Amino acid sequence: QVQLVESGGGLVQAGGSLRLSCAASGSIFSVNDMGWYRQAPGKQRELVAVITSGGSTNYADSVKGRFAISRDNAKKTVYLQMNILSLEDSAVYYCNAAVKRYSWSGSVSTWGQGTQVTVSS
């Protein structure tokens, strides 16, 4: 079994910063693309940022210049550095990863349980 566990969420004042972490654990051969999504009350889940196994990144327009995604392949962990946070960034943030359990198997999309980020004025 494979699981993703997020951490680092919490309450932060507008203009402040938070860093989210997501660690993959279990029997894993490799972790390919990893990403962060978020869902605010009354809204659909949206992509925030993605990073490939090679380190290429892509961001939602709303977070470009403020957020940075990175990964540590040795730790099987992806991070999301969030700066200059605003009220609109408040949401539950979910980690996602394409995980390959065996060398001969295909990758499987795996989700974390989510971590709450609340930005206050």
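One numbering rule holds for all chains: residues counted from 1, following each sequence as written. This being a predicted model, a pLDDT of at least 70 is required before a residue's local features are given, and a value of 80 or more before pairs of side-chain atoms are given or counted; all residues contribute to the totals for chains, interfaces and linings. For the side-chain quantities, the full set of heavy atoms in the structure was used; hydrogens and water were omitted.

Caption draft 1: Inspection of the packing of aromatic side chains at higher detail. Each pair of aromatic rings taken from Phe, Tyr and Trp, with Trp reduced to its six-membered ring, is defined by centres within 6.5 Å and is described as stacked if the planes are under 30 degrees apart, edge-to-face if over 60, and tilted in the remaining cases. Scanning the model with the defined rule gives two aromatic pairs in all. Between Y102 and W104, the aromatic rings sit 4.9 Å apart at their centres with planes inclined by 5 degrees, giving stacked as the arrangement. Burial classes follow relative accessibility: with a 1.4 Å probe on protein chains only, a residue under 20% of its type's maximum area counts as buried, one over 50% as exposed, and anything between as partly exposed. Owing to a relative accessible area of 68%, W104 belongs among the exposed residues under this scheme.

Caption draft 2: Spotlight on the nonpolar core. Within the largest apolar cluster, 29 residues are counted, with the highest numbers of intra-cluster contacts made by W36, V48, F67, V78, L80, M82 and Y93. For the purposes of this entry, the term helix denotes a DSSP run of H or I that reaches at least four residues, the term strand denotes a run of E that reaches at least two, and both are numbered from the N terminus. Secondary structure elements with two or more residues in this core: strand 3 (18–26), strand 4 (30–39), strand 5 (46–51), strand 7 (67–72), strand 8 (77–82), strand 9 (91–100) and strand 11 (115–120). Ignoring any residue separated from it by four or fewer positions in sequence, one finds L80 in contact with L18, R19, L20, W36, V48, A49, F67, A68, I69 and Y93. Definition used in this section: a nonpolar core is a set of buried Ala, Val, Leu, Ile, Met, Phe, Trp, Tyr and Cys residues joined via side-chain atoms within 4.5 Å. We call two residues in contact when some of their heavy atoms are within 4.5 Å.

Caption draft 3: Region of interest: the layout of surface pockets. For cavity detection a 1 Å grid was placed over the protein atoms alone, and a set of points counts as a cavity when a 1.4 Å probe fits there but cannot get out; an open set counts as a pocket when protein lies on both sides within 12 Å along at least five of seven lines, with lining residues being those that have an atom within 4 Å of a point. Grid points are joined across faces, edges and corners, and a volume is the space filled by probe spheres set on the points. What the largest pocket holds in volume is close to 160 Å³. Lining the largest pocket we find 13 residues, and of these R38, K43, E46, E88 and D89 sit closest to its centre.

Caption draft 4: Fine view of the pairing of strand 11. Side-chain alternation along strand 11 places T115, V117 and V119 on a buried face and Q116, T118 and S120 on a face that remains uncovered. By the convention used here, strands pair only if DSSP detects at least 2 bridges between them. As judged from the four bridges shared by strand 2 (residues 10–13) and strand 11, these two strands associate in the parallel manner. Its bridge partner being in strand 11, L11 is matched across the sheet by T118. Judged from the three bridges that link them, strand 9 and strand 11 form a sheet pairing that is antiparallel. Across the sheet, the residue bridging to V92 is Q116, located in strand 11.

Caption draft 5: Just the state of the cysteines, in detail. Disulfides are defined as cysteine sulfur pairs within 2.5 Å. Taken as a whole, this structure holds one disulfide when the rule is applied. Shown here is the disulfide that connects C22 with C95, its sulfur atoms set 2.0 Å apart. What sets the handedness of the C22 and C95 disulfide is the S-S torsion sign, and at about -85 degrees it is left-handed. Here C95 lies in strand 9 and C22 lies in strand 3, a separation of 73 residues in the sequence.

Any functional reading would require information beyond the geometric quantities listed.
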